[in-house]
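# Observations on chain architecture
Next come the chains, spelled out residue by residue.
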Amino acid sequence: MGADELVLKRLSAQQLDALIDAQNEIFADYIIPIRLSRESFAEFMRSVGGKLENVTVALSGDEIVGYVNPVVDGTEAWIGGLGVVPRMRNQGIGAKLMEAAETYAEEEGADEVLLEVIEGNLAAKKLYEKLGYVQRVAYLSAECNAARFAGFGQPPRRSALEDIAPLHQRSYAGTCWQRRKGFALEESARTCEIYKNDDGFVLLRRIAGTGFIPFLGVDPESRRRGVGTCLAKFAVNRLWELGTFKIAIYNIDDNDANRRMLDLFDFAVTLKQIEMRKKL
Ligand SMILES: CC(C)(COP(=O)(O)OP(=O)(O)OC[C@H]1O[C@@H](n2cnc3c(N)ncnc32)[C@H](O)[C@@H]1OP(=O)(O)O)[C@@H](O)C(=O)NCCC(=O)NCCS
């Protein structure tokens, strides 16, 4: 069956397992191969404020051969996942799914669509450019070894989500969608240790031997005073105490200040993502 006989439909609740199977087939040959469990898929959906009923699937007969996950928040929309199974690529299905996502976003009141694409993902980048998406900024992911640090000043206090929410809003304004939205912070807060001082906050989490720092924010008024470095030293040291040997961070803006911070901790950049957007 070719792309001509294809039907696009909203996902039904009974198709969740089939969607996860399709997702795992699609991303098995990805730049970073991704295999999601039911639980980690649900975690991802919550972190982007996504809803299963808004996922559109491309069906060939009964089989899911592609999907797109559009998320709308006010006048902004975001593509929280797009993919076509390998044997059905290059037949225009990706473009059809993106067009369906844009129509949905527009109907829901969005006037702009954002997405992120790994720099080396040429097929996806070409598709987005053809549809009118324009590159805006780049985000970096990086890894370093956990290390013992002392001398990070007054340790930040263990805090709760409500104590850091306003600080998060101020310090992440204008950054990556996956980080600046309240629901992204809420999802991380469920599983992370949260720390705060007067001018900044940091979230950290251990999974087996790997530490994660999903958020580290400093109030824009208090920048360039070493607050971020103190929080980073504290977080790296805390993850060392928790028994991790490797630390990963994701989606930080690719700018000079962040690059200097990465150098300071011997972080090696593992991935560069490009944010693209389109006015509807
Ligand atoms: C990106 C993806 C969804 C595209 O789906 P698709 O159904 O093949 O998309 P289309 O057929 O509508 O368009 C694909 C375009 O990419 C181009 N393309 C394919 N492989 C390419 C490559 N290696 N380099 C450059 N362009 C490439 C095709 O030529 C086509 O452009 P054209 O119509 O101008 O010829 C699909 O490749 C995929 O699922 N990839 C893995 C998951 C992924 O990367 N998702 C996006 C994450 S941001």
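Residues numbered from 1 in each chain as written. Predicted model: local features only at pLDDT ≥ 70, side-chain atom pairs only at ≥ 80, totals over all residues. Heavy atoms only, no water.

## Some remarks on the packing of aromatic side chains
Inclusion rule: Only rings of Phe, Tyr and Trp enter the pairing, Trp through its six-membered ring, and a pair is recorded when the two centres are within 6.5 Å. The plane angle decides the type: under 30 degrees is stacked, over 60 is edge-to-face, the rest tilted. Counted as over-ring charges are cases with an Arg CZ or a Lys NZ within 6 Å of the ring centre that also lie within 35 degrees of the ring normal.
All told, the structure shown has 9 aromatic pairs when counted by the stated rule. Ring centres of F27 and Y30 lie 4.8 Å apart, and the angle between their planes is 85 degrees; on these two criteria the pair is classed as edge-to-face. An aromatic cluster is defined as three or more aromatic residues linked by ring pairs; in this entry it consists of W78, W177 and F183. A cation sits over an aromatic face here: R179 above F215, 5.3 Å from the ring centre.

## A closer look at the pattern of salt bridges
Inclusion rule: The working definition used for a salt bridge is a side-chain nitrogen of Lys or Arg within 4 Å of a carboxyl oxygen of Asp or Glu. Where helices and strands are cited, they refer to DSSP runs of H or I of at least four residues and of E of at least two residues respectively, numbered from the N terminus. Using a 1.4 Å probe on the protein chains alone, a residue whose accessible area is under 20% of its type maximum counts as buried, one over 50% counts as exposed, and one in between counts as partly exposed.
Under the definition given, this model contains 22 salt bridges. For E76, the salt bridge goes to R180, with nearest N and O atoms at 3.1 Å. Taken together, the residues E76 in strand β4 (residues 76-84) and R180 in helix α6 (residues 177-180) connect sequence positions 104 residues apart. Linking R238 and E241 is a salt bridge whose minimum nitrogen-to-oxygen distance equals 3.0 Å. Of this pair, R238 and E241 both sit in helix α8 (residues 227-241), 3 residues apart, roughly one helical turn. By relative accessible area, E241 is classed as partly exposed at 48%. A network of salt bridges, in which partner residues are shared, links E112, R136, E275, R277 and K279.

## A word on the domain arrangement of the chain
Defined as follows: Those domain boundaries reflect an automatic or database domain assignment. Two residues form a contact once any of their heavy atoms are found within 4.5 Å. Within 3.5 Å is the distance limit for a polar contact, defined as a pair of N or O atoms, with the added protein rule that one can donate a hydrogen and the other accept it, and that residues adjacent in sequence qualify only through two side-chain atoms. Classes in brief: Ala, Val, Leu, Ile, Met, Phe, Trp, Tyr, Cys and Pro nonpolar; Asp, Glu, Lys and Arg charged; the others, Gly included, polar.
Domain parsing of the chain yields domain 1 (3-132) and domain 2 (141-277). Relative to domain 2, the C-alpha centre of domain 1 lies at a distance of 28 Å. Counting from both sides, the interface comprises 24 residues of domain 1 and, opposite them, 18 residues of domain 2. Connecting domain 1 to domain 2 are 6 salt bridges. At the surface where domain 1 touches domain 2, the tally comes to 12 residue pairs in polar contact (both at pLDDT 80 or more). Of all the secondary-structure elements, those providing two or more residues to the side of domain 1 that touches domain 2 are α2 (38-47), β3 (63-73), β4, β5 (112-118) and α4 (122-130). At 7 residues, β5 tops the list of elements feeding residues into the side of domain 1 that touches domain 2. Its residues placed into classes, the side of domain 1 that touches domain 2 shows 12 nonpolar, 3 polar and 9 charged.

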